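Coordinates in review
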Amino acid sequence: VLTDGKDYLILPEAKDYKRIGVGDTGPNTGGMGAVSPVPFAQGVFMHKVIQQIVEPTVRGLKAEGIVYNGFIFFGLINVNDEPYVIEYNCRMGDPETEVVVPRIKNDLVELLEATAKGKLDQLKIEKDERFATTIVAVSGGYPDHYEKGFEITGLDNDNSDAMLFHAGTRQEDGKIVTNGGRVVCATALSSQMDEALNMSRDLVEAVNFENK
């Protein structure tokens, strides 16, 4: 959510996938991909999230005399259709942000200005109703030891419904090279989740670097 200390706006929800391996196997990572909207986090479940978690949190901050302006990231788990809090963060999550922000149709600067000035009650979130998916290309060996400095190719993209977010990259002698574990996120938007995933796969497969 975005909150100005008294009111709040719920941003598009997202689910991330942590494990490195196919089929949700292997060690945990910072996140290998994400999807928004989340099929199970609708209707009754989202009502519970708002009533049992979001609103008590915003009220609690105010009751404690904490004037909080900004993002509250609610890390939740679904246990038998009941939402429980795993963590709070005072920032957005990665790679969730790469599927949340593309679905926000508002001017993000306008939202942030309203947050700073206590005027969130004057705005409503406008969402792109399509699915957004993202897949992360990582350095071989991540989340353990990995090497950096490999040239990255295939970064050009002419699909207006797909976009690459740079993460662990840097410029070196006019080239883009790897500079981290999670290198790029490949995000795509489509009315069908499977189609968005296929677009993300095509985009991430076009990106190449050693030990991808």
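Residues numbered from 1 in each chain as written. Predicted model: local features only at pLDDT ≥ 70, side-chain atom pairs only at ≥ 80, totals over all residues. Heavy atoms only, no water.

**Some remarks on the overall build of the protein**
Heads up, the condition is: Secondary structure elements follow DSSP: runs of H or I of four or more residues count as helices, runs of E of two or more count as strands, with numbering from the N terminus. Note that the radius of gyration is over C-alpha atoms, with the globule rule given as 2.2 Å times the number of residues to the power 0.38. Only protein chains enter the accessibility calculation, which uses a 1.4 Å probe; a residue whose area is less than 20% of its type maximum is buried, one above 50% is exposed, and one in between is partly exposed. Areas reported as accessible are Shrake-Rupley estimates using a 1.4 Å probe. Residue values count occlusion only from the protein chains shown.
When helices and strands are tallied, the protein shows 4 helices and 12 strands. Taking 17 Å as the expected radius of gyration for a compact globule of 212 residues, we find that the protein reaches 18 Å, a close match to that expectation. For the C-alpha atoms alone, the extent of the protein along its principal axes is close to 50 × 40 × 35 Å. Burial analysis of the protein (212 residues in total) assigns 42% to the buried set. Carbon and sulfur atoms provide 49% of the accessible area of the protein, an area that totals close to 11,600 Å².

**Here's the deal with the environment of Leu 197**
Operational definition: Contacts are assigned to residue pairs with any non-hydrogen atoms lying within 4.5 Å of each other.
The topology assignment puts Leu 197 in helix α4 (residues 193–206). C-alpha separation for the pair Leu 197 and Ile 135, spaced 62 residues apart in sequence, amounts to 8.1 Å. Ignoring anything within four residues of it in the chain, the contact list for Leu 197 reads Thr 133 and Ile 135.

**Thoughts on the packing of aromatic side chains**
What counts is decided by this rule: Centres within 6.5 Å make a pair out of two Phe, Tyr or Trp rings, where for Trp the six-membered ring is used; the pair is then stacked when the planes are under 30 degrees apart, edge-to-face when over 60, and tilted otherwise. In this scheme, Lys NZ or Arg CZ marks a charge over a ring once it lies within 6 Å of the ring centre and within 35 degrees of the ring normal.
Tallied over the entire structure, the rule returns 3 aromatic pairs. Residues Phe 40 and Phe 45 carry aromatic rings whose centres are separated by 5.8 Å and whose planes lie at 80° to one another, so their mutual orientation is edge-to-face. Ring plane angle 65° and centroid distance 5.5 Å describe the contact between Phe 74 and Tyr 88, whose orientation is recorded as edge-to-face. Of this pair, Phe 74 sits in strand β6 (residues 73–79) while Tyr 88 sits in strand β7 (residues 82–89), and the two are 14 residues apart along the sequence. The buried category is assigned to Phe 74, whose relative accessible area is 14%. For Tyr 88, a relative accessible area of 45% translates into the label partly exposed. The positively charged end of Lys 15 is found above the aromatic ring belonging to Tyr 17, 4.0 Å away from the centroid.

**So, unusual backbone geometry**
Put simply, Ser 36 and Pro 37 share a cis peptide bond, and its omega is -5°. With respect to the helices and strands, the residue Pro 37 is situated in the loop between β4 (25–36) and α1 (43–63). Omega for the peptide link from Tyr 142 to Pro 143 comes to 10°, which places this bond in the cis form. The residue Pro 143 is located in the loop between β8 (131–138) and β9 (162–166) in this model. One non-glycine residue with positive phi stands out, namely Asp 81, at about 65°. Relative to the elements of secondary structure, Asp 81 occurs in the loop between β6 and β7. Note on Asp 81: relative accessible area 52%, which makes it exposed. One non-glycine residue, Asp 173, adopts positive backbone phi at about 55°. You can see Asp 173 is positioned in the loop between β10 (169–172) and β11 (175–178).

**So, the nonpolar core**
Formally: We call a set of buried Ala, Val, Leu, Ile, Met, Phe, Trp, Tyr and Cys residues a nonpolar core when their side-chain atoms join them within 4.5 Å.
Counting residues in each nonpolar core, the largest one holds 15 residues, and the members touching the most others are Leu 164, Val 184, Val 207 and Phe 209. Elements that contribute at least two residues to this core include exactly β8, β9, β12 (182–190) and α4. Counting residues in each nonpolar core, the second largest holds 12 residues, with Leu 2, Leu 11, Leu 120 and Ile 125 among its members.

**Remarks on the pairing of β10**
Side chains on a regular strand alternate between the two faces of the sheet. Under the convention used in this document: Strand pairing requires that DSSP identify at least two bridges connecting the strands.
Where β10 lies against β11, 4 bridges are found, and the strand directions are antiparallel. The residue of β11 that forms the bridge with Arg 170 is Val 177. The turn linking β10 back onto β11 is made up of 2 residues, and Asp 173 within it adopts a positive phi angle of 55°.

**A few points about a negative patch on the surface**
Short version of the rule: Residues qualify for a patch when their relative accessible area is over 30% and they have no salt bridge, like charges being joined within 9 Å and the nonpolar side chains of Val, Leu, Ile, Met, Phe, Trp and Tyr within 5 Å. Whenever a carboxyl oxygen of Asp or Glu lies within 4 Å of a side-chain nitrogen of Lys or Arg, that contact is scored as a salt bridge. Only four residue types enter the charge count: Lys and Arg as positive, Asp and Glu as negative, with His and the chain ends excluded. For the purpose of locating charges, the reference atoms are NZ of Lys, CZ of Arg, CG of Asp and CD of Glu.
A surface patch of like charges, here negative, comprises Asp 107, Glu 110, Glu 113 and Glu 126. Tracing the backbone through its elements, the reader meets Glu 126 in the loop between α3 (108–117) and β8.

**As for the environment of Gly 154**
Within the element layout of this structure, Gly 154 appears in the loop between β8 and β9. Once the C-alpha coordinates of Gly 154 and Leu 203 are considered, the two residues, 49 residues apart in sequence, prove to be 8.7 Å apart. Contacts of Gly 154, omitting those with residues within four sequence positions, involve Leu 164, Ala 206 and Val 207.

Structural measurements only, silent on function.
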